[in-house]
There are 2 protein chains.
Amino acid sequence: MSELGEFELIARYFKRPERALGAGVALGVGDDCALLQPGAGMQLAVSSDMLVSGRHFFADVDPRTLGHKALAVNLSDLAACGARPLGFTLALALPTANADWLAAFSEGLFALADAHHCILVGGDTTRGPLNICITVFGEVPPGHALLRSGARAGDDVYVSGTLGDAALALKAMLGEIELPPEVLMQARKRLEQPAPRVALGLALRGIATAAADVSDGLVGDLGHILEQSGVGATVHTEIATSLIASHAYFMGASGPNDLQKMAPQLLQCALAGGDDYELVFTAPATNREAVLSAAQRSATVVTRIGRIDSEPGLRLIDAQGKPLAQQLASFDHFGT
Amino acid sequence: MSELGEFELIARYFKRPERALGAGVALGVGDDCALLQPGAGMQLAVSSDMLVSGRHFFADVDPRTLGHKALAVNLSDLAACGARPLGFTLALALPTANADWLAAFSEGLFALADAHHCILVGGDTTRGPLNICITVFGEVPPGHALLRSGARAGDDVYVSGTLGDAALALKAMLGEIELPPEVLMQARKRLEQPAPRVALGLALRGIATAAADVSDGLVGDLGHILEQSGVGATVHTEIATSLIASHAYFMGASGPNDLQKMAPQLLQCALAGGDDYELVFTAPATNREAVLSAAQRSATVVTRIGRIDSEPGLRLIDAQGKPLAQQLASFDHFGT
C-alpha cells in the first residue's frame, strides 16, 4: 500500500525490459512523443476508449482482468477495421498508487498486449478518480480497412463467437437475475475478459463489405452499419438467441420451464446486450466459402444471422418468420 | 442544463461540418477507427495527456479555456518533437452533459485545433468524474524528430518565451501570494491558455540537438534531457528569473522592497514552476545564428540561459557566478 511517485510508478510497472520495439515503433516510452513508423504506404487506424470506475467496471474488479479489458475493448476496434495492432498509449488516473493493484493491472494489460504484439509506446499517469484511457494504433493497407459504410443489399449478416453472455453476467452480478454458479462463471469471463477478434478482422480483409464490433449490443452496432451504408437488414432472432453460451443450459439441464421464464431475458441479452466485443459484419453471398475459410484461419466461430435489405430499418424475425415489431421499440434505450 | 445522450452529444458538439479532412486524415469521426495517412515515409509522433478536475484545473474553470488547454498541452509535446500536427482523439468523462459547458469547451478546443490544422478524428464520451484525455498525432521525417537524448557537451541551452508565470498565477489563485490584478490577469492567461510552440519546434528541426517542453518546471524537464543525453548543464538563474513576465513589475513599479520580498518566489516559479509549456532545447554554439533565425521565422522569443557540460548534474548559478547548491535540493519535490 506504499505510495509511489509518478516517475517511479512508470518505471516500475510500465517500463518494460529493453526489447525489439517491433517494425512499426521507432521510439517508445520516455520522450515527449513516441514515434511510429507505419509500413510503406500503410494507413494508421486509431481508436480511443475511456473506462470509468462504476460505469464500465465494478470498483472492486480484479485489476488483472481490468488491465486485460481496458486494452481488449480498444483492440476490438482495430479488429472491426481489419487493422494489425502496432502499439498503444495508456493514460491512467488513480486515486492512490497501490503497488499490488498496479502489479496486477499491468500484468493483465501486458499479457494481452504481448499476445497481439502491441507495444505500450507512451501515456500519462495522474492522481484522480480511477479512469483508464487507452488509444490504440494499427496499420492497414489503403482501401482495405473494413468500414461501417460498405454493406450492400443482398449481403449476408454474420456475427462472431457468442452474443449476450456479458450482459447476462452483468444482470446476474447486479442481482436482476439468478444464474447457476457454473453458468455465471462462464458468462462473467466474457464480461471481464473479452477476446478481441483481431485475427478474424485481418482474415476478413477483402472478404467482408462492412464490419463493426459489438460493444453496445447487436441492434445498436448493426444499426450503425445500416445507417452508414444506407441499407436495412432482416435478422433471425432465434439464431442470435441461440448464440448465448448459457442458452444450452436453459434448453437442457434446467428444463423448458426455466427456458420459458428466461426467454425474454435471453433475447434481450442477445440483441441488446453490450460488452460482447464480437464482430458483426456483412459479406456478399458469393463470399460464403471465403467467410468460412477466414473463420477457420482465425480459429473463430462465425454464424450467419440474417441478410442486408435495400429497405432501410432493422427487421427482427422469430423462428416462425414473424416480425418482433412490438419488442423492437423497447430495445432503443439499451443502445445508449 | 438539459441532459444529452452520448450520440446526440457527439453529433451536436464534436461533429464538424463536412470539410476537407486534410492530407494526413483519410477517415475521421464515426467508424470503429479513424484512418490516418502520414506522408510517404513519414514517422508519426504520438502523445497522450490526461487532465483531471481539481488536479490540473479548478472545477469552476471557464470551459472555453479548458478546451484550449486540454489540446495545448498535447500540441506542446508535438512541438517538443518538431512534429507537424495532423489530428487528435478526445476521450471525455462528464458528470453531466451540460449543453452550455459543452458548447464553450468545444469552442475553445476547436479554435486551437483549427489554428494548428489539427483534426478531431475520433474518441469516446462517457459519464464519470470530469476527465479529459487527448491523444495527438503529428508527422515528422525519420531522423528529424527532436529527442531528449541528443544534447552534447558545449551545446547552448535555450528556453522559449517566458518561464514561471503559470506557477505564479497558481500561487496567487491558491492564496499563497498576492499579485496586483493586472499582473495576475497576465499570468493567469499563461496558466489557462498556454500557447504551444509548434512553429518553433518545426523551425528547430536540424538546428536543435535536443528538446523537451516545460510542463513540470525547467529543472525537472531540462533534467530529463540531461539524464537521457548523459550530460550535465550550467544554468544562469538570474536570466531564467528575468523571464517571468511580471518580474518587470516587481523591478519597477513596486520598488526594490517588493522585489526583495518576492525574489525567492520568483526564482522558484522560474526554475520549478510547471504548466509553462515553453520549449527548453539545446543547440551547438555554431548554430546560434540559425537558432535566432528559427526564432524569428516562428515569431517566438528564445533566450540562451546556459550551456551543456560533460559533467553530469544541473548547476544553477546566480548573477555573481556562485552556485545555488543550497536551494537546489528543495526543488526536487516540485517536479513530481
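So, how was this worked out
- Residues numbered from 1 in each chain as written.
- Chains lettered and ligands numbered in written order.
- Predicted model: local features only at pLDDT ≥ 70, side-chain atom pairs only at ≥ 80, totals over all residues.
- Heavy atoms only, no water.
- Least-squares fit on C-alpha atoms with pLDDT ≥ 70 in both.
- Contact = heavy atoms within 4.5 Å.
- Salt bridge = Lys/Arg side-chain N within 4 Å of Asp/Glu carboxyl O.
- Helix = DSSP H or I, 4+ residues; strand = E, 2+ residues; numbered from the N terminus.
- Buried < 20%, exposed > 50% of the residue type's maximum accessible area, 1.4 Å probe, protein only.
- Pairing = 2+ DSSP bridges.
- Axes fitted to C-alpha atoms, helices over the stretch in contact; angles between N-to-C directions.
- Core = buried A, V, L, I, M, F, W, Y, C linked by side-chain atoms within 4.5 Å.
- Domains from an automatic or database assignment.
- Expected span 1.5 Å × (residues − 1).
- Polar contact = N/O pair within 3.5 Å; in protein donor to acceptor, adjacent residues only side chain to side chain.
- Left-handed = near helix turned anticlockwise from the far one by under 90°.
- Nonpolar A, V, L, I, M, F, W, Y, C, P; charged D, E, K, R; others polar.
- Phe/Tyr/Trp six-rings, centres within 6.5 Å; stacked < 30°, edge-to-face > 60°.
- Buried area = accessible area lost by both parts, 1.4 Å probe.

A. Inspection of the relation of the copies chain A and chain B at higher detail. For the pair chain A and chain B, the best superposition has an RMSD of 0.0 Å and corresponds to a rotation of 180 degrees with a translation of 0.0 Å parallel to the axis. Here the copies are linked by what is in effect a two-fold axis. Both copies share a contact surface, since 98% of the interface residues of chain A are interface residues in chain B too.

B. Looking closely at the pattern of salt bridges. Taken as a whole and judged by the stated rule, the model has 27 salt bridges over all chains. Measuring nitrogen to oxygen at the nearest pair gives 3.2 Å for the salt bridge that ties A:Asp32 to B:Arg148. Residue A:Asp32 is located in the loop between β1 (25-27) and β2 (34-36), and its partner B:Arg148 is located in the loop between β6 (131-140) and β7 (156-160); the two belong to separate chains. You can call B:Arg148 buried: its relative accessible area is 11%.

C. Fine view of the sheet that holds strand β12 (residues 313-317) of chain A. Residue and element names in this part refer to chain A. Sheet architecture is open: 6 strands sit in the order β8-β10-β7-β11-β9-β12, paired in mixed fashion. Lying at the two open borders of the sheet, with one neighbouring strand each, are β8 (210-214) and β12. Taken over all neighbouring pairs, the strand axes of this sheet differ in orientation by 25 degrees on average, direction set aside. Along the sheet, helix α7 (residues 218-229) makes contact with β7 (156-160), β8, β9 (232-236), β10 (278-283), β11 (302-309) and β12, crossing β8 at roughly 155 degrees.

D. Spotlight on the nonpolar core. Grouped together as the largest cluster of nonpolar side chains are 59 residues, with contacts concentrated most on B:Phe14, B:Phe88, B:Leu90, B:Ile132 and B:Phe281. The leading source of residues in this core is helix α2 (residues 63-81) of chain B, at 10 residues. Counting residues domain by domain, this core receives three or more from each of domain 1 (6-140) and domain 2 (156-331) of chain B. In this structure B:Phe88 touches B:Leu71, B:Leu109, B:Ala113, B:Cys118, B:Ile119, B:Leu120, B:Val121, B:Gly122, B:Ile134, B:Thr135, B:Val136 and B:Phe137, once residues within four positions along its chain are discounted. Judged by nonpolar contacts, the second largest core, of 58 residues, contains A:Leu51, A:Leu71, A:Ile134 and A:Tyr158.

E. Seen up close, helix α3 (residues 99-115) of chain A. All names here are of chain A. Helix length check: α3, at 17 residues, gives a terminal C-alpha distance of 24 Å against a target of 24 Å (1.5 Å per residue), a fit within 8%. Between the side-chain oxygen of the N-cap and the backbone nitrogen of Asp100 there are 2.9 Å, and the N-cap of α3 in question is Asn98. Looking at the residues trailing α3, positive phi occurs at His117, about 50 degrees.

F. A look at the packing of α2(B) against helix α3 (residues 99-115) of chain B. Residue and element names in this part refer to chain B. It is the contact of α2 with α3, at a shortest axis distance of 6 Å, that shows an interaxial angle of 35 degrees. Where α2 crosses over α3, the two elements pack in a sense that is right-handed. Of the residues in α3, those touching α2 at Pro63, Arg64, Leu66, Gly67, His68, Leu71, Ala72 and Leu75 are Trp101, Ala104, Phe105, Glu107, Gly108, Leu109, Leu112 and Ala113. Its residues placed into classes, the contact of α2 with α3 shows 11 nonpolar, 3 polar and 2 charged.

G. The arrangement of the packing of aromatic side chains in detail. Residue and element names in this part refer to chain A. Across all of its chains, the model carries 7 aromatic pairs over all chains by this definition. Seen from their ring centres, Trp101 and Phe105 are 5.1 Å apart, and the 10 degrees between their planes marks the pair as stacked. A residue pair is termed a helical-turn pair when its members lie 3 or 4 positions apart in one helix, as Trp101 and Phe105 do in helix α3 at 4 residues. Among the residues examined, Trp101 registers a relative accessible area of 18% and is labelled buried. Taking the relative accessible area as the measure of exposure, Phe105 reaches 0% and is therefore buried. Arranged with centres 5.0 Å apart and planes meeting at 10 degrees, the rings of Tyr158 and Phe281 form a pair that is stacked. Of this pair, Tyr158 sits in strand β7 while Phe281 sits in strand β10, and the two are 123 residues apart along the sequence.

H. Quick look at the domain arrangement of chain A. Residues and elements named next belong to chain A. Segmenting chain A into domains produces domain 1 (6-140) and domain 2 (156-331). Across the contact, 20 residues belong to domain 1 and 19 residues belong to domain 2. Both faces combined, the contact of domain 1 with domain 2 buries some 1600 Å², and carbon together with sulfur accounts for 64% of it. It is Phe58, Lys69 and Ala80 that lose the most area in domain 1 upon contact with domain 2, and together they represent 30% of the buried surface on that side. At the boundary of domain 1 and domain 2, one finds 1 salt bridge. Residue Lys69 pairs with Asp275 through a salt bridge whose shortest N-O separation is 2.9 Å. Summed over the shared surface of domain 1 and domain 2, the number is 6 residue pairs in polar contact (both at pLDDT 80 or more). Secondary-structure elements contributing two or more residues to the side of domain 1 that touches domain 2 are α2 (63-81), β4 (84-94) and β6 (131-140). Top element by residues in the side of domain 1 that touches domain 2 is α2. It accounts for 10 residues.

I. Up close: the interface of chain A and chain B. Opposite the 58 residues of chain A that make contact, chain B presents 57 residues. Taken together, both faces of the contact between chain A and chain B bury some 4200 Å²; the carbon and sulfur share is 58%. Our count for the chain A to chain B interface comes out at 4 salt bridges. Counting the contacts that link chain A with chain B gives 23 residue pairs in polar contact (both at pLDDT 80 or more). Its residues placed into classes, the side of chain A that touches chain B shows 30 nonpolar, 18 polar and 10 charged. Where β2(A) lies against strand β3 (residues 43-52) of chain B, 3 bridges are found, and the strand directions are antiparallel. Considered in β3(B), the bridge of A:Leu36 is made with B:Leu44.

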